[in-house]
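What the coordinates show
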Amino acid sequence: MPSLSALAINALVMMAAALAIWLTGGLTPQAIAHIAFALGVLPLILAAIAYFVPVLTRSGAPPAQLHAVPVVAWLGAACIVAAFAGVFDFGLTPASHLAFLLSGGAVLALMLWIVRRARATLGAPHPGLRWYLAALACLLLALLAVPAMALWPTQHAALRLFHLHLNLLGFVGLTAIGTLQVLLPTAAGGSDPNAGQRLATDLKFSVAGALAIAGGAAFYAPLALLGAVLFAIAPLRMLRVWLQRFAGQIFCLHGAAPSLGLACLGLLALLGSGTLHIYGILDGRAAIGGFVAAFLLPLVSGAATQLLPVWLRPGRQSAWHASLREALGKLGGPRALLMTVGGLSFACGWTPGLWLTAAGVVLTVLAFIVALTAAGNLRH
């Protein structure tokens, strides 16, 4: 059973592999995108949601059976990646159906467990729980578009765009915003007493925005403009508070906060570039690569910097945790800046920008190897 730390490392490895393959031109863009998102980010997010739900509902640890959810989702992703890569010889459609059954079943099982936990909570659960449920609902709706492509081949292109945008902004975007509201203040060593109120208020705008962007990309482009405006409300309000309270921790050389802050900036910038892609002004494939480089990489590396010590050694925080977190965050600001600038440059049409992202990834991998190796030699 993979641990959260193993899934975090898997996510970084898969995104780095996707970036390397993109730079060398080894596979189709569809295969590369699924390596980054489905093999890397999807299992990590599902496991992280299962990890945080007991905190949000003030309940016990998830049952052992639920640990299979990210594994089953990963297997579903492996099916579709293998099909795109030409490993399977029985066709893309059967592989996509199998991937849908595996991943969709895993997501539905997680959703049902969350609903049961929410109903059993004494008092109201934390508002962040609804963000996780909404994100999973968007993911399930995006996955439903996969068999729909086979049933309505004339709408294949539109459904593919719906699937893509609802995955990126509905699933990944909602999960990220819901988590960052609490994670960045923790990484910055402070608190944000109004985070819960914003989470309760802004969810409707973010969900409506994600649905409008996905629907606009697929069927009616002007709807995407409205969706981008609605979706931007939550990260803009969040970023404003961060700049007021945590600017010193975000604009610094080391730590998790610079990566998390830049991930939010990258998301906002990519909202604009994604809208331009819908209108054909920017290349769509570049927008996907930019999303991975400018948003997901700093997001996952920043979250891993903050959370890996806790995942590796749960329980009472000690000097070992502080030392590992400090080592993981060494030059976290410049590393994330390289990823974000490179990704945004690539999304805007400057292909060599990905080499900046690659440099940030190499520095991050080296920092993590050094930190984890040193941590293995330390004692409690």
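Residues numbered from 1 in each chain as written. Predicted model: local features only at pLDDT ≥ 70, side-chain atom pairs only at ≥ 80, totals over all residues. Heavy atoms only, no water.

Attention now moves to the overall build of the protein. Helices and strands together make up the secondary structure of the protein, namely 14 helices and zero strands. Taken from N to C terminus, the helices and strands of the protein fall in the order α-α-α-α-α-α-α-α-α-α-α-α-α-α. Computed over C-alpha atoms, the radius of gyration of the protein comes to 19 Å, within 12% of the 21 Å expected from 2.2 N^0.38 for 380 residues, which places it in the range of a compact globule. For the protein, the C-alpha atoms occupy an extent of roughly 60 × 50 × 40 Å along the three principal directions. Looking at the 380 residues of the protein, the share that counts as buried comes to 55%. (Helix = DSSP H or I, 4+ residues; strand = E, 2+ residues; numbered from the N terminus. Rg over C-alpha atoms; globule rule 2.2 N^0.38 Å. Buried < 20%, exposed > 50% of the residue type's maximum accessible area, 1.4 Å probe, protein only.)

On the surface, a nonpolar cluster with roughly 430 Å² of combined accessible area is contributed by Phe219, Tyr220, Leu223 and Leu226. Inspection of the secondary structure assignment puts Leu223 in helix α8 (residues 221-245). (Patch = residues over 30% accessible without salt bridge, like charges linked within 9 Å, V, L, I, M, F, W, Y side chains within 5 Å. Areas by Shrake-Rupley, 256 points an atom, 1.4 Å probe, with all protein chains shown as cover. Salt bridge = Lys/Arg side-chain N within 4 Å of Asp/Glu carboxyl O.)

Turning to helix α7 (residues 195-218), a few remarks are in order. Look at α7: 33 Å from first C-alpha to last across 24 residues, which is about the 34 Å you get at 1.5 Å a residue. The sharpest bend along α7 measures roughly 45° and falls at Asp202. (Expected span 1.5 Å × (residues − 1). Bend = angle between axes of the 7 residues up to and from the residue.)

Moving on, we come to the layout of surface pockets. Of the pockets and cavities examined, the largest pocket occupies roughly 890 Å³. In terms of lining residues, the largest pocket is bounded by 37 residues, among which His34, Phe84, Met149, Arg160 and His163 are the most central. When residues of the lining of the largest pocket are traced back to their parent elements, those giving at least two are α2 (29-57), α3 (68-84), α4 (92-120), α5 (128-151), α6 (156-187) and α11 (284-312). With nine residues, the top contributor of residues to the lining of the largest pocket is α6. Class assignment of the residues belonging to the lining of the largest pocket gives a composition of 24 nonpolar, 11 polar and two charged. (1 Å grid on protein atoms, 1.4 Å probe; cavity = no way out; pocket = protein on both sides within 12 Å on 5 of 7 lines; lining within 4 Å. Points joined across faces, edges and corners; volume = space filled by probe spheres on them. Nonpolar A, V, L, I, M, F, W, Y, C, P; charged D, E, K, R; others polar.)

Turning our eyes to something else, we now look at the packing of α3 against α4. It is the contact of α3 with α4, at a shortest axis distance of 8 Å, that shows an interaxial angle of 165°. Viewed along their axes, α3 and α4 adopt a mutual orientation that is roughly antiparallel. By crossing handedness, the relation of α3 to α4 is classed as left-handed. Every residue of α4 that contacts α3 at Val69, Val72, Ala73, Leu75, Gly76, Ala77, Cys79, Ile80, Ala83 and Phe84 is listed here: Leu92, Ala95, Ser96, Leu98, Ala99, Leu102, Ser103, Ala106 and Leu110. Its residues assigned to classes, the contact of α3 with α4 shows 16 nonpolar, three polar and no charged. (Axes fitted to C-alpha atoms, helices over the stretch in contact; angles between N-to-C directions. Parallel < 35°, antiparallel > 145°, perpendicular 65-115°, else oblique. Left-handed = near helix turned anticlockwise from the far one by under 90°. Contact = heavy atoms within 4.5 Å.)

Let's shift gears to empty space enclosed by the protein. If a probe as big as a water molecule is rolled over the atoms, it shows which places are left empty. All told, the structure shown has three cavities of 30 Å³ or more when counted by the stated rule. The calculated volume of the largest cavity comes to roughly 300 Å³. In terms of lining residues, the largest cavity is bounded by 21 residues, among which Ile45, Ala48, Thr179, Leu299 and Ala303 are the most central. For the lining of the largest cavity, the elements supplying multiple residues, two or more each, are α2, α6 and α11. Taken together, the residues of the lining of the largest cavity sort by class into 19 nonpolar, two polar and no charged. Here the second largest cavity is characterised by a volume of approximately 220 Å³. Lining the second largest cavity we find 18 residues, and of these His165, Leu168, Leu169, Leu270 and Gly274 sit closest to its centre. Residue classes in the lining of the second largest cavity are distributed as 12 nonpolar, six polar and no charged.

Further remarks concern the state of the cysteines. For the structure on display, the rule yields zero disulfides. Looking at the unpaired Cys252, the closest cysteine sulfur is the one in Cys264, lying at 16 Å. For Cys252, a relative accessible area of 30% corresponds to the partly exposed category. (Disulfide = S-S within 2.5 Å.)

Turning next to the nonpolar core. As a rule of thumb, soluble globular proteins bury nonpolar side chains together. Formed by 124 residues in total, the largest nonpolar core has its most connected members in Leu46, Leu110, Phe291, Phe295 and Leu296. The element contributing the most residues to this core is α2, with 19 residues. Once residues within four sequence positions are removed from consideration, Leu46 is found in contact with Val69, Ala73, Val107, Leu110, Leu136, Leu139 and Phe171. (Core = buried A, V, L, I, M, F, W, Y, C linked by side-chain atoms within 4.5 Å.)

Turning to the packing of aromatic side chains, a few remarks are in order. Counting across every chain of the model gives five aromatic pairs. With centroids separated by 5.6 Å and ring planes inclined at 85°, the aromatic side chains of Trp22 and Phe346 adopt a geometry described as edge-to-face. Residue Trp22 is located in helix α1 (residues 4-24), and its partner Phe346 is located in helix α13 (residues 332-347); the two are separated by 324 residues in the primary sequence. Judged by centre distance (5.1 Å) and plane angle (65°), the ring pair of Phe291 and Phe295 falls under edge-to-face. Pair noted here: Phe291 and Phe295 are both in helix α11, with a separation of four residues, about one helical turn. Across this residue pair, the class does not change: Phe291 and Phe295 are buried. Through successive ring pairs, a cluster of aromatic residues spans Phe37, Phe291 and Phe295. (Phe/Tyr/Trp six-rings, centres within 6.5 Å; stacked < 30°, edge-to-face > 60°.)

Applying the stated criterion to the full structure yields two salt bridges. Between Arg198 and Asp192 there is a salt bridge, with its nearest N and O atoms 2.5 Å apart. The class of Arg198 is buried, set by a relative accessible area of 5%. The shortest N-O distance in the salt bridge between Asp202 and Arg237 comes to 2.9 Å. A residue pair is termed long-range when its members are at least 10 positions apart, and Asp202 in helix α7 and Arg237 in helix α8 qualify at 35 residues.

What is shown is where atoms sit, not what they do.
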